[in-house]
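# A look at the structure
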Amino acid sequence: MIHVYTGDGKGKTTAAVGLAIRAIGNGFRVLFVQFIKGAHTGEIEIFQKFPELIEIYRCSTGFVYKTPEESQMETVKECVKEIEKKLEKNTYDMVVFDELSVALSIGLLSREDVERLIQLSKKAELIITGRNAPDWLIERADLVTEMKKIKHYFDRGIKARKGIEY
């Protein structure tokens with residue numbers, strides 16, 4: 001099945017982390033790919049305690065302003081090659097593509113890239129997160145959840161908090 005967690009509300013990555021924890025708790029083998037993100041996050045600390053069950057791959061480009069820089073595009077191009085190699089081994093029960101929708105919407109990934117990654121993940125439960133999931137991806141998914149922001153403390157100037165946002 002393909003899950004998509006999208007929208008402007010908080011909880012997309014958190015949902016994916018929860019599914020990954022549930023999967024490894026049941027002995028599943030998980031590939032957890034993070035696009036864009038590179039800073040320390042608490043989930044990585046937990047995941048690293050289970051290297052035989054969860055593999056972490058971070059395709060860190062840093063924040064993208066309006067359009068990606070050439071170096072960011074090259075980074076993602078190399079990441080996609082590495083991810084494809086991992087998926088070709090077909091050893092995962094679950095694959096998480098965290099922030100894939102964001103990478104797609106800002107031009108770091110093409111639809112063709114994503115279609116290839118989906119095809120290579122077809123024997124695994126596939127989890128895709130990020131704002132701005134395109135209509136074609138929503139149509140293709142088996143489960144779509146939109147996280148809708150009703151109210152957020154960021155709007156009051158409160159910054160990201162350790163253990164909550166990262």
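Look up a bit, the structure's there.
Description of the structure in this document. (Residues numbered from 1 in each chain as written. Predicted model: local features only at pLDDT ≥ 70, side-chain atom pairs only at ≥ 80, totals over all residues. Heavy atoms only, no water.)

### Some thoughts on the pattern of salt bridges
Under the counting rule described, the total for this entry stands at 12 salt bridges. Arginine 111 is the salt-bridge partner of glutamate 115, the closest N and O atoms lying 3.3 Å from each other. Of this pair, glutamate 115 and arginine 111 are both found in helix H5 (residues 111-120), four residues apart, which corresponds to roughly one turn of the helix. Taking the relative accessible area as the measure of exposure, glutamate 115 reaches 24% and is therefore partly exposed. (Salt bridge = Lys/Arg side-chain N within 4 Å of Asp/Glu carboxyl O. Helix = DSSP H or I, 4+ residues; strand = E, 2+ residues; numbered from the N terminus. Buried < 20%, exposed > 50% of the residue type's maximum accessible area, 1.4 Å probe, protein only.)

### Concerning the sheet that holds strand E3 (residues 54-60)
Taken in spatial order, the six strands line up as E3-E2-E4-E5-E1-E6 in an open sheet, and their pairing is parallel. The sheet terminates laterally at E3 and strand E6 (143-146), the two strands that pair on one side only. Direction aside, neighbouring strands of the sheet carry axes that sit 10 degrees apart on average. When strand E4 (residues 94-98) meets strand E5 (residues 125-129), the two strands line up parallel, connected through four bridges. Bridge assignment links valine 96 to a residue of E5, and that residue is isoleucine 127. (Pairing = 2+ DSSP bridges. Axes fitted to C-alpha atoms, helices over the stretch in contact; angles between N-to-C directions.)

### Focus: the packing of aromatic side chains
Enumeration over the complete set of coordinates arrives at three aromatic pairs. On the basis of an interplanar angle of 80 degrees and a centroid distance of 5.7 Å, the ring pair of tyrosine 153 and phenylalanine 154 is categorised as edge-to-face. Its guanidinium or amino end placed over the ring of tyrosine 153, arginine 161 lies 4.5 Å from that ring's centre, counting from NZ or CZ. (Phe/Tyr/Trp six-rings, centres within 6.5 Å; stacked < 30°, edge-to-face > 60°. Lys NZ or Arg CZ within 6 Å of the ring centre and 35° of its normal.)

### Considerations on a nonpolar patch on the surface
A contiguous nonpolar patch, built from Ile21, Ile46 and Phe50 and spanning about 240 Å² of accessible area, is present on the exposed surface. Here isoleucine 46 is to be found in helix H2 (residues 42-47). Residue classification places isoleucine 46 among the partly exposed positions, given a relative accessible area of 41%. (Patch = residues over 30% accessible without salt bridge, like charges linked within 9 Å, V, L, I, M, F, W, Y side chains within 5 Å. Areas by Shrake-Rupley, 256 points an atom, 1.4 Å probe, with all protein chains shown as cover.)

### Side note on the nonpolar core
By size, the foremost hydrophobic cluster in this structure holds 33 residues, and its most contacted members are Phe35, Phe97 and Leu109. The element contributing the most residues to this core is helix H3 (residues 70-88), with five residues. Setting aside residues up to four positions removed in sequence, phenylalanine 97 forms contacts with Val33, Phe35, Ile83, Leu87, Leu117, Ser121, Leu126, Ile127, Ile128 and Thr129. Among the nonpolar cores identified, the runner-up in size contains 17 residues, and Tyr5, Ala16, Leu19 and Phe47 belong to it. (Core = buried A, V, L, I, M, F, W, Y, C linked by side-chain atoms within 4.5 Å. Contact = heavy atoms within 4.5 Å.)

### What about the environment of glycine 163?
Its location among the elements puts glycine 163 in the segment after E6. Expressed as a C-alpha distance, the spacing of glycine 163 and glutamate 43, which sit 120 residues apart in the sequence, is 9.0 Å.

### Concerning the state of the cysteines
What the rule picks out here adds up to one disulfide. Here cysteine 59 is linked by a disulfide to cysteine 79, with a sulfur-sulfur distance of 2.3 Å. Given an S-S torsion of about 105 degrees, the disulfide between cysteine 59 and cysteine 79 has right-handed geometry. Of this pair, cysteine 59 sits in strand E3 while cysteine 79 sits in helix H3; the two residues are 20 residues apart in sequence, bridging distant segments of the chain. Using a relative accessible area of 6% as the deciding quantity, one classes cysteine 79 as buried. (Disulfide = S-S within 2.5 Å.)

### Notes on the packing of H3 against H5
One way to put it is that H3 packs onto H5 with a least axis distance of 9 Å and a crossing angle of 20 degrees. Between H3 and H5, the angle is such that the two are roughly parallel. When you trace H3 past H5, the crossing you get is left-handed. For the pair H3 and H5, contact is made by Val80, Ile83, Glu84, Leu87 and Glu88 and by Asp113, Arg116, Leu117 and Leu120, respectively. (Parallel < 35°, antiparallel > 145°, perpendicular 65-115°, else oblique. Left-handed = near helix turned anticlockwise from the far one by under 90°.)

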